[in-house]
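Each chain is listed here by its residues.
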Amino acid sequence: MFPGETDVQYEAVEVVVYRLRKKLAHTGVTLVTLRGLGYLLKVDA
Amino acid sequence: MSGRDPAPGHSAWQATELPREPTRQRAISLRRYLLTGILLPVGLLIIVNTASLYRQALAAVNTAYDRTLLASAKSIGEQLDVTGYDEQSQLRVTVPYAALEAFEADNQSRLFYRVSSLKGELVSGFEQLPFWRGEIPIRPPYSALVDFYDDVFREDPVRVAVLLQPVASGKGRAMAVVQVAETLELRKTLARKILFDTLWRQAVLLAVIALVAVVVVQRATRPVRRLSAELKARPEGDLTAIAAPEAPRELLPLIEATNQVMGRLQHLLDNQKRFVRDAAHQLRTPLAVLKVQVQSALRGDMEARDALGEINQTVDRATVLANQMLALAKVEQLRQQADLQAIDLAQVVRSVALDLSPLIAEKDIDFEIETVPAQVRSHEWMLGELTRNLLHNAIKHTPAGGPLAVRIVRDASFVAMTLSDSGPGVSAELSARLYEPFSAGDVRHGSGLGLAICREIVETMHGSISLENRVVHGQVTGLDAVVRLPVA
């Protein structure tokens with residue numbers, strides 16, 4: 001989202017993630033948060 | 001199980017092969033050092049001593065012979081007669097040559113005499129004997145009318161005593177000069193005899209001292225030689241402490257230090273042996289399990305597909321174990337190469353966490369990572385292996401849905417990486433053996449080598465590692481694995 005930029009607005013990321021999670025609901029795929037590292041798409045077993 | 005001890009002696013020996021003895025510099029011989037140290041100064045002293053003894057003896061001999069020479073001069077002086085006074089006096093003497101024979105100590109040296117007036121006119125004796133011209137020196141032991149000097153008579157060196165003899169009679173009074181000369185054969189013979197006597201005695205003295213020194217040095221260095229022989233005669237692999245109760249006190253520090261080195265080697269050797277034994281045992285277990293799985297599949301106790309699945313898992317476990325053993329060997333190898341470079345620990349940890357993130361997600365772990373850039377001196381593979389092992393352990397012990405945090409902090413000289421899991425922690429009895437190979441509590445879940453590898457790596461980087469239970473209100477809430485490394 002902010003390639004090569006240092007002034008990163010984390011709130012913006014969280015908004016995007018929130019929207020993405022909503023869209024992924026009931027698809028058998030969840031977005032796992034790894035704080036400090038990133039996000040991971042996980043296919044539910 | 002008799003198979004637990006597969007005589008690991010030889011391979012273990014190769015693993016701990018000692019570095020080659022450095023080429024020896026010209027070693028000083030303690031024995032030679034002691035001998036020269038004692039004999040050289042003593043020898044020099046004896047040479048100086050001999051010279052001075054010889055001179056003293058020679059002086060004493062000369063004094064004694066001079067006195068006999070003077071006595072013969074006096075006996076001649078007593079037989080003088082005179083007529084007339086002073087200037088007009090006429091001296092007369094009748095000295096039979098035989099009179100002098102009494103003073104000839106042997107037939108080696110010959111005596112000659114000459115009696116003259118003060119003006120040098122010959123009265124009696126040998127005219128060729130040069131007349132004495134000189135002054136009487138003041139020499140305390142003799143009267144003021146006596147002197148001795150060296151001269152040459154008939155081409156022979158002679159020692160001459162001169163006596164100024166006042167002669168008085170009823171018919172006159174005058175001064176006579178009596179000279180008695182003696183050839184030097186006797187004195188020379190005696191001097192030579194004294195020289196040989198002195199030399200002989202000093203040589204015996206030197207020989208005795210040398211003999212004593214050699215014997216003493218030989219005896220003093222005997223414990224060293226005995227100890228060397230004892231050590232050389234040892235069978236290969238014998239690292240027991242040296243027992244040398246008869247060794248002198250000066251040798252004890254060396255023996256003690258040697259024993260310490262042997263102790264360390266023994267410890268190392270024991271560790272290697274145990275490692276090989278344990279590793280063999282650990283490798284047997286999956287093989288035995290495989291055998292059972294294959295057999296039950298063959299007998300039809302189990303669906304072939306299920307059996308293959310289980311076999312697959314068993315093979316995976318054996319592969320992990322083999323890889324870990326290789327990793328441990330690689331750490332050892334890198335430790336000896338030691339070409340470390342500055343690496344950012346934070347980047348390595350993040351990349352490892354990314355690699356392992358499927359495992360984290362699988363257990364729905366509440367993961368958090370917080371890092372600051374932290375340069376440490378290391379080898380990239382080692383740092384990765386260290387982090388991977390620790391993070392893997394932490395994930396393994398964190399219950400599903402539990403928290404797991406990785407933090408890196410640093411100050412001016414140290415970097416600290418903490419992995420806080422929410423697992424059961426370690427029991428007190430286990431914590432003592434935590435880093436020993438194959439000692440980990442639940443062998444089914446790991447190779448038992450992870451922490452041993454971690455400790456090897458941390459030690460190579462001159463850091464420290466600790467595993468401590470995190471206790472809140474008397475309850476263990478998890479384990480903190482802390483690695484401290486010096487900043488690059």
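Residues numbered from 1 in each chain as written. Chains lettered and ligands numbered in written order. Predicted model: local features only at pLDDT ≥ 70, side-chain atom pairs only at ≥ 80, totals over all residues. Heavy atoms only, no water.

1. Here's the deal with the overall build of chain B
When you go through chain B residue by residue, the secondary structure sums to 10 helices and 14 strands. Expressed as a percentage of the 488 residues in chain B, the buried residues total 35%. Summarising the internal contacts of chain B: among those between residues at least 6 apart in sequence, 66% fall at separations of at least 24. Carbon and sulfur atoms make up 57% of the accessible area of chain B, which totals about 29400 Å². (Helix = DSSP H or I, 4+ residues; strand = E, 2+ residues; numbered from the N terminus. Buried < 20%, exposed > 50% of the residue type's maximum accessible area, 1.4 Å probe, protein only. Contact = heavy atoms within 4.5 Å. Areas by Shrake-Rupley, 256 points an atom, 1.4 Å probe, with all protein chains shown as cover.)

2. What to know about the overall build of chain A
Regarding its fold elements, chain A presents one helix and two strands. Reading the helices (α) and strands (β) of chain A from amino to carboxyl end gives α-β-β. Within chain A, buried positions represent 18% of all 45 residues. Of the accessible surface of chain A, which amounts to about 3700 Å², a share of 58% is contributed by carbon and sulfur atoms.

3. Remarks on the confidence of the model for chain B
Residue and element names in this part refer to chain B. Mean pLDDT over chain B works out to 82, with 87% of the residues at or above the 70 mark. In this model, residues 1–20 is a region of pLDDT below 50 whose contacts with residues beyond four sequence positions or in other chains number 20 contacts. For this predicted complex, the interface score ipTM comes out at 0.82, while the overall pTM is 0.54. (pLDDT = per-residue confidence, 0-100.)

4. Some details on the packing of helix α6 (residues 304–337) of chain B against helix α10 (residues 450–460) of chain B
Residues and elements named next belong to chain B. Contact pair α6 / α10: the axes reach a minimum separation of 10 Å and the direction vectors enclose 10°. What the angle tells us is that α6 and α10 run roughly parallel. Note on element contacts: α10 touches α6 through Gly450, Ala452, Ile453, Glu456, Ile457, Glu459 and Thr460, opposite Gln324, Ala327, Leu328, Val331, Glu332 and Arg335. (Axes fitted to C-alpha atoms, helices over the stretch in contact; angles between N-to-C directions. Parallel < 35°, antiparallel > 145°, perpendicular 65-115°, else oblique.)

5. A few points about the interface of chain A and chain B
Between chain A and chain B, the contact holds eight residues from the first and 13 residues from the second. Buried surface at the junction of chain A and chain B, both sides included, amounts to about 920 Å², of which 57% is carbon and sulfur. Here chain A is connected to chain B by three salt bridges. Linking chain A to chain B there are seven residue pairs in polar contact (both at pLDDT 80 or more). (Buried area = accessible area lost by both parts, 1.4 Å probe. Salt bridge = Lys/Arg side-chain N within 4 Å of Asp/Glu carboxyl O. Polar contact = N/O pair within 3.5 Å; in protein donor to acceptor, adjacent residues only side chain to side chain.)

6. Topic: the sheet that holds strand β9 (residues 366–370) of chain B
Residues and elements named next belong to chain B. Ordered in space as β9-β11-β12-β14-β13, the five strands form an open sheet in which the pairing is mixed. Whereas interior strands pair on both sides, the edge strands pair on one side only; in this sheet they are β9 and β13 (464–472). Taking each pair of neighbouring strands and ignoring which way they run, the sheet shows an average axis angle of 15°. Taken together, the five bridges between β9 and strand β11 (residues 403–410) define a ladder with parallel strand orientation. Following the sheet pairing, Ile369 is matched in β11 by Val406. (Pairing = 2+ DSSP bridges.)

7. Concerning the environment of Ala243 of chain B
If you trace the backbone, Ala243 of chain B turns up in the loop between α4 (185–232) and α5 (252–299). Distance from Ala243 of chain B to Leu227 of chain B, taken between C-alpha atoms, is 9.5 Å for residues 16 residues apart in sequence.

8. Observations regarding α4 of chain B
Every α-helix winds through 3.6 residues per turn, so residues three or four apart in the chain are directed the same way. Residues and elements named next belong to chain B. In this model α4 runs 67 Å from its N-terminal to its C-terminal C-alpha over 48 residues, within 8% of the 70 Å that 1.5 Å per residue would give. Here α4 has its buried residues at Leu186, Arg187, Ala191, Ile194, Thr198, Gln202, Ala213, Val217, Thr221, Pro223 and Leu227. Those residues of α4 that are buried lie in contact with α2 (30–77), β6 (156–169), β7 (172–183) and α5. (Expected span 1.5 Å × (residues − 1).)

9. A word on the packing of aromatic side chains
Residues and elements named next belong to chain B. According to the stated counting rule, one finds four aromatic pairs over all chains in the structure shown. On the basis of an interplanar angle of 85° and a centroid distance of 5.2 Å, the ring pair of Phe112 and Phe126 is categorised as edge-to-face. Note that Phe112 is positioned in strand β3 (residues 111–117) and Phe126 in the loop between β4 (122–125) and β5 (146–153), a separation of 14 residues in sequence. There is no split in this pair, since Phe112 and Phe126 are both buried. Look at Tyr113 and Phe126: their rings are 6.4 Å apart centre to centre, the planes differ by 90°, and that puts the pair in the edge-to-face class. A residue pair is termed long-range when its members are at least 10 positions apart, and Tyr113 in strand β3 and Phe126 in the loop between β4 and β5 qualify at 13 residues. In this structure, Lys330 packs its charged tip against the face of Trp381, placed 4.3 Å from the ring centre. Over the aromatic face of Phe414 sits the side chain of Arg484, whose NZ or CZ is 4.6 Å from the ring centroid. (Phe/Tyr/Trp six-rings, centres within 6.5 Å; stacked < 30°, edge-to-face > 60°. Lys NZ or Arg CZ within 6 Å of the ring centre and 35° of its normal.)

10. A look at the nonpolar core
Residues and elements named next belong to chain B. Among the nonpolar cores identified, the biggest contains 56 residues, and Leu345, Phe367, Leu383, Leu390 and Leu391 are the most heavily contacted of them. Counting residues per element, this core draws most heavily on helix α7 (residues 345–362), which supplies nine residues. In contact with Leu391, other than residues within four places in its own chain, are Val352, Ala353, Leu356, Phe367, Leu404, Val406 and Leu419. Counting residues in hydrophobic clusters, the runner-up holds 20 residues, among them Leu111, Val115, Val167 and Ala176. (Core = buried A, V, L, I, M, F, W, Y, C linked by side-chain atoms within 4.5 Å.)

11. Description of the side chain of Arg159 of chain B
Residue and element names in this part refer to chain B. Structurally, Arg159 can be placed in strand β6. Assessed through its relative accessible area of 14%, Arg159 is described here as buried. Among the polar contacts listed, one links the side chain of Arg159 to the side chain of Asp66, at a separation of 2.7 Å. Separated by 3.4 Å, the side chains of Arg159 and Asp150 make a polar contact. The contacts of Arg159, once residues within four sequence positions are left out, are Asp66, Leu69, Phe148, Tyr149, Asp150, Val180, Ala181, Glu182, Leu184 and Arg187.

12. Considering the pairing of β4 of chain B
All names here are of chain B. As defined by bridge partners, β3 adjoins β4 across three bridges and the pair is classed as antiparallel. Within the sheet, the bridge partner assigned to Ser116 lies in β4 and is Leu122. Here β3 hands over to β4 after four residues, with Gly120 in that stretch at a positive phi of 100°.

13. A closer look at a nonpolar patch on the surface
A surface patch of nonpolar side chains, about 490 Å² in accessible area, is lined by Trp200, Val204, Val208, Val212 and Val216 of chain B. Taking relative accessible area as the criterion, Val208 of chain B reaches 45% and is therefore assigned partly exposed. (Patch = residues over 30% accessible without salt bridge, like charges linked within 9 Å, V, L, I, M, F, W, Y side chains within 5 Å.)

14. A closer look at the pattern of salt bridges
Counted under the stated rule, the structure contains 13 salt bridges over all chains. A salt bridge links Glu368 of chain B to Arg35 of chain A, with the nearest nitrogen and oxygen atoms 3.1 Å apart. One end of the pair, Glu368 of chain B, is in strand β9; the other, Arg35 of chain A, is in the loop between β1 (29–34) and β2 (38–43), on a second chain. Its relative accessible area of 38% is what places Arg35 of chain A among the partly exposed residues. Here Glu370 of chain B ties to Arg407 of chain B by a salt bridge, and the two come within 3.5 Å at their closest N and O atoms.

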